[in-house]
Amino acid sequence: DLRDVPLEISGLTKAYRNGHLAVSDLSFRVEKGQVLGLLGPNGAGKTTTLRMLMGLIHPDSGEMRLFGHRVTPGAPVLSRLGSFVEGPGFLPHLSGRDNLDLYWRATGRPAGEARMAEALEIADLGTALDRPVRTYSQGMRQRLAIAQAMLGLPDLLVLDEPTNGLDPPQIREMREVLVRYAAAGRTVIVSSHLLAEVEQTCTHAVVMSRGRRVAAGPVAEIVGTSGRRLEDAFLE
Ligand code: ATP
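Counting from 1, residues in each chain are numbered in the order their sequence is written. Residues qualify for local features only when their pLDDT is at least 70, as the model is predicted, and side-chain atom pairs are given and counted only at 80 or more; totals for whole chains, interfaces and linings, by contrast, use all residues. Note that water and hydrogens are dropped before the side-chain values are worked out from all heavy atoms of the structure.

A. Geometry of empty space enclosed by the protein. Site definitions follow a grid-based scheme: protein atoms alone, a 1 Å grid, a 1.4 Å probe that fits but cannot get out for cavities, and for pockets an open set with protein on both sides within 12 Å along at least five of seven lines, plus lining residues having an atom within 4 Å of a point. Grid points are joined across faces, edges and corners, and a volume is the space filled by probe spheres set on the points. If you walk through the whole model with that rule in mind, you get 1 cavity of 30 Å³ or more. Estimates place the volume of the largest cavity at around 30 Å³. Put simply, DSSP H or I for four residues or longer makes a helix, DSSP E for two residues or longer makes a strand, and each gets a number counted from the N terminus. Elements that contribute at least two residues to the lining of the largest cavity include exactly strand S8 (187-192) and helix H6 (195-201). The biggest single contributor to the lining of the largest cavity is S8, with 3 residues.

Set out below in structure tokens:
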């Protein structure tokens, strides 16, 4: 049943006004419970793909289905989808908790204290949550942005380069956060330009190069059998 499939993309194509073909005939499917890495070098088309998924820009052709619902131009993005594509701004003088609270109320979604508490527990921000955001490190701000995307416990969480600017211990923590999130049968899609990072944080991967899909499958398989194609993707 397609309603159980978090995301199915088929033949997705997008050229920018200057004629640059950013995404070309891209197809892949994400199953429930997967942490899927959208992997590729800078300019591969990852952000363009995620922006189309969020309904922020429209594809020239192809189709995207979220839990069986077709993503159509102008349609409100499914409430089962949570994301941070462009880093949101926080109010520096308010605590992390107050920022999240404010954001959540502004979305107009049902309050649900329990959901908020669960999201905060998964994000594991600790006591920092009650400090003003201006005292946060870059890594903490990033974690807060991810916690924000998780607030309603969306069935599909989409994160564009969530580990950008994080150091290796913070990347390990990120892995734990994502794995905890997906453990309840929820699904995560993250983009990254680092193979090692996808290897550490994801169960599955789709590798993109110049707008095209060059490999897809479980991470162990991608790393093991398509090393050559992977190298080509990154050396082009
Ligand atoms: P990065 O990690 O650098 O964000 P990416 O894989 O996310 O890379 P995209 O941002 O999707 O790649 O960009 C794909 C290609 O489309 C790039 O060559 C980029 O220069 C081009 N591009 C992106 N946005 C536009 C735009 N608004 N107009 C024209 N070309 C664009």
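Moving on from the coordinates now.
B. Up close: the site of the ligand. Looking at the ligand, there are 13 residues lining it, with Gly43, Gly45, Lys46, Thr47 and Thr48 nearest. Residues adjacent in sequence count toward polar contacts only when both atoms are side-chain atoms; beyond that, a polar contact is any pair of N or O atoms within 3.5 Å, and within protein one must be able to donate a hydrogen and the other to accept it. Contacts to the ligand include Gly43, whose backbone N or O atom sits 2.7 Å from an oxygen atom. Values of accessible area rely on a 1.4 Å probe in the Shrake-Rupley scheme; residue burial ignores everything except the protein chains shown. In isolation the ligand exposes 630 Å². Once the protein is present, 62% of that is buried. Broken down by element, the residue count for the shell around the ligand peaks at 3 residues, all from helix H1 (residues 46-53). Partitioned by chemical class, the residues of the shell around the ligand number 4 nonpolar, 7 polar and 2 charged. To be near a molecule or strand, a residue needs just one of its heavy atoms within 4 Å of it. Side-chain classes are defined by residue name, with Ala, Val, Leu, Ile, Met, Phe, Trp, Tyr, Cys and Pro counting as nonpolar, Asp, Glu, Lys and Arg as charged, and the others, Gly among them, as polar.

C. Quick peek at the nonpolar core. Membership of the largest hydrophobic core comes to 42 residues, with the highest contact counts inside it found for Leu100, Leu144, Met150 and Val188. Element by element, the count of residues in this core is highest for helix H4 (residues 138-150), at 7 residues. With 24 residues, the next largest nonpolar core counts Ala22, Ala44, Met52 and Leu156 among its residues. By convention a nonpolar core is built from buried Ala, Val, Leu, Ile, Met, Phe, Trp, Tyr and Cys residues, the set being connected through side-chain atoms within 4.5 Å. Type-normalised accessible area, obtained with a 1.4 Å probe on protein chains alone, sets the label of each residue: buried when under 20%, exposed when over 50%, and partly exposed for intermediate values.

D. Spatial organisation of the sheet that holds strand S4 (residues 61-66). Here the rule is simple: two strands pair whenever DSSP picks up at least two bridges between them. Here 4 strands make up an open sheet; going across it, the order is S2-S1-S4-S5 and the pairing antiparallel. Single-partner strands in this sheet number two, and they are strand S2 (21-30) and strand S5 (69-70). One ladder, built from 2 bridges, connects S4 with S5; its direction is antiparallel. Following the sheet pairing, Leu66 is matched in S5 by His69. Between two residues, a contact is recorded if the distance between any of their heavy atoms is within 4.5 Å. All axes are obtained by fitting lines to C-alpha atoms, using only the stretch in contact for helices, and the reported angles, taken between N-to-C directions, cover 0 to 180 degrees. Helix-sheet contacts for H1 involve strand S1 (7-15), S2 and S4, and the interaxial angle to S1 is about 115 degrees.

E. Inspection of the pairing of strand S3 (residues 35-39) at higher detail. Across the 5 residues that make up S3, a large majority, 5, are buried. Side-chain alternation along S3 places Val35, Gly37 and Leu39 on one buried face and Leu36 and Leu38 on a second face that is also buried. Looking at chain direction, S3 and S8 are connected through 5 bridges and run parallel. In the sheet register, Val35 faces S8, and the bridge partner there is Val188.

F. Local environment of the packing of aromatic side chains. Centres within 6.5 Å are what make two rings of Phe, Tyr or Trp a pair, Trp counting through its six-membered ring; a difference in plane orientation under 30 degrees is then read as stacked, over 60 as edge-to-face, and the rest as tilted. Per the counting criterion, the structure on display carries 0 aromatic pairs. Working rule: Lys NZ or Arg CZ, within 6 Å of ring centre, within 35 degrees of ring normal, means a charge sits over the ring. One cation-aromatic arrangement involves Arg186 over Tyr181; the distance from NZ or CZ to the ring centre is 4.5 Å.

G. Examining the pattern of salt bridges more closely. Any Lys or Arg side-chain nitrogen found within 4 Å of a carboxyl oxygen on Asp or Glu counts as a salt bridge. Tallying each qualifying case throughout the model produces 9 salt bridges. We note a salt bridge from Asp130 to Arg97, for which the minimum N-O separation is 2.9 Å. Residue Asp130 is located in the loop between helix H3 (113-123) and H4, and its partner Arg97 is located in helix H2 (residues 96-106); the two are separated by 33 residues in the primary sequence. One connected set of salt bridges, linked through shared partners, spans Glu8, Arg29 and Glu31.

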